[in-house]
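Here is how the chains run, residue by residue.
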Amino acid sequence: MSAEARSYLSKALNIMEENALRRDDVDWVEVRRAAFTQAGSAQHPVDTYPVIEMAISSLADGHSQLFKPDRAKELFSGAPVRSPVEGRALPGRVGYLSLPGVLGSDEIYQQYVREGRAAVAKANRPTACGWVIDLRRNRGGNMWPMLAVVGPILGDGDVGGFVDAKGKKSVWSIEKGSPLVEESKGWGASTPIGAGSAPVAVLTSRSTASSGEAVTVAFRGRPDTRSFGEETTGVPTGNTSYRLSDGALLLLTVVKDADRTGRTYDGPIPPDEEVADNLGRGSKRDPVLEAATAWLSDHPACE
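Caption draft 1: Looking closely at the state of the cysteines. The final tally for this structure, using the stated rule, is one disulfide. A disulfide bridge connects Cys129 with Cys302, and the sulfur atoms are separated by 2.0 Å. Because the sign of the S-S torsion sets the handedness, a value of about 105° for the bond joining Cys129 and Cys302 places this disulfide among the right-handed ones. Residue Cys129 is found in the loop between α5 (106-123) and β4 (130-134), and its partner Cys302 is found in the segment after α8 (287-297); the two are separated by 173 residues along the sequence.

Pasting the structure below:
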């Protein structure tokens, strides 16, 4: 093995051993032995990718992954937002918001928040008595722009957080409709809707993943909130990206999501009311949305 390949592989393994959420569940002596044995006579960083991916699989978190340089560049490029946020008013003064995932540049996030807040305003005419937040097609990305869109509906205050392997907690808070994070600079305030206390129905499916699950968690424990649909994918965890020397990106799971009550999540999140999701299966009916709107129509706020 060349010195370059050996150094590259060692660096990747060190990052995993020092930072991975489930690092204490791994026999690192054995992982390193197997990695260097299988890397054999690797000469360049690219030759070690399969071995790094093997080491990632030993973490068994279902969320960590390695992006090769071209893919890493593509993911964080300035490409246009492909799935805009959809907002509309439903019968009975119910606001409907479909919130897709988003990943890209700061420009992408700014566009997403602008479009998302416009969609919320559209769905809030006339003033909504309750809300449907549809996360069924949210595969994840950056959670902070998503929280900047739903923040006025969530309401101000602590809405969740992260918990690392040592139990250290960091809190997600909403203030004036925006999350209190570095990435929120420039998004501006957004007045809470209905004082942030209107009833909310959250829709999830097996396709709701990663940051989509983080938004799901942000609504868990919120008063007058109920979830409908199917359990989520099962990766309600936070990742940190580590750029390697050749431009590849090691996306490593380092924290669990926690709701406002302190409960942590690291597997599929079941809905309060299980309803089979048939979107994309040729049916004109949407039983998940029907169940959600039925609950909202019976809520005192919407009577």
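Caption draft 2: Spotlight on the packing of aromatic side chains. Within the structure shown, the criterion is met by three aromatic pairs. The cationic tip of Arg88 hangs over the ring face of Tyr96; the distance from NZ or CZ to the ring centre is 4.2 Å.

Caption draft 3: How the structure looks around the nonpolar core. Counting 69 residues, the largest nonpolar core has Met16, Leu97, Leu99 and Trp131 as its most contacted members. It is helix α6 (residues 143-154) that provides the largest number of residues to this core, a total of nine residues. If sequence neighbours within four positions are ignored, Leu99 has contacts with Val85, Tyr112, Asp134, Leu135, Asn138, Met146, Val149, Val150 and Val215. The next biggest cluster of nonpolar side chains, apart from the first, holds 13 residues, and it includes Ala201, Val288, Leu289 and Leu296.

Caption draft 4: Geometry of the environment of Pro300. Residue position: Pro300 is located in the segment after α8. Classification of Pro300 as exposed rests on a relative accessible area of 63%. Sequence separation between Pro300 and Pro199 is 101 residues; the distance between their C-alpha atoms is 9.4 Å.

Rules of the game
The written sequence of each chain sets the order in which its residues are numbered from 1. At least 70 in pLDDT is required for a residue's local features to be given in this predicted model, at least 80 for side-chain atom pairs to be given and counted, and no such filter applies to totals for whole chains, interfaces and linings, which use all residues. Only hydrogens and water are set aside; all other atoms, that is, all heavy atoms of the structure, feed into the side-chain values. Cysteine sulfur atoms are paired as a disulfide whenever they come within 2.5 Å of each other. Starting at the N terminus, helices and strands are each numbered in turn, a helix being any DSSP run of H or I of at least four residues and a strand any DSSP run of E of at least two. In summary, the pairing rule links any two rings of Phe, Tyr or Trp, Trp by its six-membered ring, whose centres are within 6.5 Å, and it sorts them by plane angle into stacked for under 30 degrees, edge-to-face for over 60 and tilted for everything else. Only lysine NZ and arginine CZ atoms are considered, and such an atom sits over a ring when it is within 6 Å of the ring centre and within 35 degrees of the ring normal. We call a set of buried residues a nonpolar core when its members are Ala, Val, Leu, Ile, Met, Phe, Trp, Tyr or Cys and they connect through side-chain atoms within 4.5 Å of each other. Summary of the burial criterion: residues with accessible area below 20% of their type's maximum are buried, those above 50% are exposed, and those between are partly exposed, where the area comes from a 1.4 Å probe applied to protein chains only. Any pair of residues with heavy atoms lying within 4.5 Å of one another is described as a contacting pair.

Just geometry here; none of it tells us what the structure is for.
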